[in-house]
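Single-letter residue listing:
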Number of protein chains: 2
Amino acid sequence: MKKHAVIIVDDHSLMAQALAGLVNEFDEYKVLDTFKNGAELIAGFNAGTKDPEIILLDVKMPVMDGFKTMEWLHTNKPNVQVIVISMEDHENTVLKMLKLGAKGFLLKDTEPDILKSALDTVLTNGFFHTQLVADALLHQSKTGDVIKDDALKETELEFLKLVCQEKTYNEIADIMCKHPKTIDGYRQDLFDKLGVRNRIGLVLYAIRNDLVKL
Amino acid sequence: MKKHAVIIVDDHSLMAQALAGLVNEFDEYKVLDTFKNGAELIAGFNAGTKDPEIILLDVKMPVMDGFKTMEWLHTNKPNVQVIVISMEDHENTVLKMLKLGAKGFLLKDTEPDILKSALDTVLTNGFFHTQLVADALLHQSKTGDVIKDDALKETELEFLKLVCQEKTYNEIADIMCKHPKTIDGYRQDLFDKLGVRNRIGLVLYAIRNDLVKL
DNA sequence: TTAAAAAACAGGAAAAACCCTGATCATTTT
DNA sequence: AAAATGATCAGGGTTTTTCCTGTTTTTTAA
């Protein structure tokens, strides 16, 4: 019997290797290779790695993160089914990945047999939905405007980073060489845009969306 | 040949199962069992699970986290060697775990052969040190006062969590059924204790030390 | 039991954050 | 050229936060 080829992309070696062992235990699947990030994956393809049927993709990775990798895969390997495996269950992440073409979304605390059925289902149905994904899609309207964090301008981003450094708005005005009232404008715009009440909301948003490193 | 018994405690099923597969591939080791958290581990012991030689312990877990579990193990199973396996490389976490009696500290992005040598070394030497651990010990003096986040009292912790929910101090006073001035006292104490200037510092501290979930 | 320590409460004040509205200037769009 | 857009700046007011310095009450320990 020909086994379905799987590639794993995860910067946590233990996780990647271990995941590989798990997949290899499923009779119908075989791990072709594992990579530490998107860049390595692409390098692998260029070096002759054959296309798998399924890629298990982590979100948080250095060098080339899950989103960028997903984007690349969707345009360059449209026939490869991608299942995202993430630590966090942020709805934004789920939605972003689905929009980028992911066929499934699993959390790292998923039971192994769910992984098995995710693999099976993605191959037969082309997608695998958990409750998590359903919820994310349901709340889409509510969080719809929050998703596009691409909408954050450079100035707003810089402002946000400074807020996350315990700076006061006056200090931020100095650093950014802008009038304090301008800074107050940034603040107001971001409050509206992100739907938060105060600076803490900004910090939480920035952290949740990896706009700042801890 | 008799194999060394290992138990894995990690709330991420995929990680736990996969890790088990990995350890089972090492000739000299055998996974006795896996548990989702400290409470389940203890329940397992009570239900007759035999003591392993080594426990691989995750830090972030619901119900009974790594620290509490480590504490319990150190007093109740002093002969079991514990290797902590963590996502984050916070020095505080490393030091805390070492103080609680952990014999090794690995990150989840460790290479599998490092895990192998960690297992071997812990059995023969009684500990396994990586550069990470060495660094943590070196900086111990500097961060000495920050380490003891045990010093955070229950009220302070509750206050901190509410701060991380965009609440104002007056709202927090209502929720905690305390006078606003009392809350202001908590705030001041925490500012001094943690060395921060404003609420944002509190939020960052809470997040960095996993006191709140994102 | 009494002394000491810790937790809760208080007043007052300055700084910072928050909110709304509108003006000015430069750049794009039509 | 005129209109629309977007970024910057402004005024002025309310609320919240931050920072002092204390007092009272409760808990803990000697």
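The text that follows walks through the structure, step by step, so that each part is easy to find.

A look at the sheet that holds strand 4 (residues 81-86) of chain B
Residues and elements named next belong to chain B. Read from one edge to the other, the open sheet built from five strands follows the order 2-1-3-4-5, with strand pairing classed as parallel. Pairing within the sheet leaves two strands with one partner each, and these edge strands are strand 2 (29-35) and strand 5 (104-107). Taking each pair of neighbouring strands and ignoring which way they run, the sheet shows an average axis angle of 25°. Here strand 4 pairs with strand 5 via four bridges, running parallel.

Remarks on the interface of chain A and chain B
On the side of chain B, 36 residues touch chain A, which itself brings 37 residues to the contact. Note on chain A versus chain B: buried area summed over both sides is about 3500 Å², and carbon and sulfur give 64% of it. Taken as a group, Leu14, Glu166 and Ile200 of chain A account for 23% of the area that chain A buries against chain B, more than any other trio of residues on that side. Connecting chain A to chain B are four salt bridges.

Some thoughts on unusual backbone geometry
Backbone geometry places Glu166 of chain A, a non-glycine residue, at a positive phi of 65°. Residue position: Glu166 of chain A is located in the loop between helix 8 (154-163) and helix 9 (169-176). With phi around 55°, Cys177 of chain B is a residue other than glycine that occupies positive phi space. Here Cys177 of chain B lies in the loop between helix 9 (169-176) and helix 10 (180-194).

Focus: the protein's contact with DNA strand D
If you check the shell around DNA strand D, you find 16 residues, and the closest are His179, Lys181, Thr182 and Tyr186 of chain A together with Tyr169 of chain B. Here, DNA strand D places atoms within 4 Å of the protein, and 65% of those atoms are sugar or phosphate. Taking Lys181 of chain A, its side chain carries an N or O atom lying 2.4 Å from a base oxygen of DNA strand D. Arg199 of chain B has a polar backbone atom sitting 2.9 Å from a phosphate oxygen of DNA strand D. The element that contributes the greatest number of residues to the surface near DNA strand D is helix 10 of chain B, accounting for four residues.

Focus: empty space enclosed by the protein
Applying the stated criterion across every chain, the model contains five cavities of 30 Å³ or more. Considering only enclosed or pocket space, the largest cavity measures out at about 80 Å³ in volume. Residue lining of the largest cavity: Met87 of chain A together with His12, Asp58, Val59, Lys60, Ser86, Met87, Glu88, Thr93, Lys108 and Asp210 of chain B, and that is the complete set. Considering only residue class, the lining of the largest cavity consists of three nonpolar, three polar and five charged. Space inside the second largest cavity adds up to approximately 50 Å³. Met70, Leu73, His74, Lys77, Pro78, Val80, Gln81, Val82, Gly101 and Lys103 of chain A are the residues that line the second largest cavity. The set of elements that each furnish at least two residues to the lining of the second largest cavity consists of helix 3 (66-76) and strand 4 (81-86) of chain A. Top element by residues in the lining of the second largest cavity is helix 3 of chain A. It accounts for three residues.

What to know about the relation of the copies chain A and chain B
When chain A is fitted to chain B, the residual RMSD is 1.6 Å, and the transformation amounts to a turn of 180° plus an axial shift of 0.6 Å. In short, the pair behaves as if placed about a two-fold rotation axis. Using C-alpha coordinates, one finds that chain A approaches the rotation axis most closely at Ala18 of chain A, a distance of 1.8 Å. Counting the interface residues of chain A, we find that 97% of their copies in chain B are interface residues as well, pointing to one common contact surface.

Rules of the game
Residues numbered from 1 in each chain as written. Chains lettered and ligands numbered in written order. Predicted model: local features only at pLDDT ≥ 70, side-chain atom pairs only at ≥ 80, totals over all residues. Heavy atoms only, no water. Pairing = 2+ DSSP bridges. Helix = DSSP H or I, 4+ residues; strand = E, 2+ residues; numbered from the N terminus. Axes fitted to C-alpha atoms, helices over the stretch in contact; angles between N-to-C directions. Contact = heavy atoms within 4.5 Å. Buried area = accessible area lost by both parts, 1.4 Å probe. Salt bridge = Lys/Arg side-chain N within 4 Å of Asp/Glu carboxyl O. Near = heavy atom within 4 Å. Polar contact = N/O pair within 3.5 Å; in protein donor to acceptor, adjacent residues only side chain to side chain. 1 Å grid on protein atoms, 1.4 Å probe; cavity = no way out; pocket = protein on both sides within 12 Å on 5 of 7 lines; lining within 4 Å. Points joined across faces, edges and corners; volume = space filled by probe spheres on them. Nonpolar A, V, L, I, M, F, W, Y, C, P; charged D, E, K, R; others polar. Least-squares fit on C-alpha atoms with pLDDT ≥ 70 in both.

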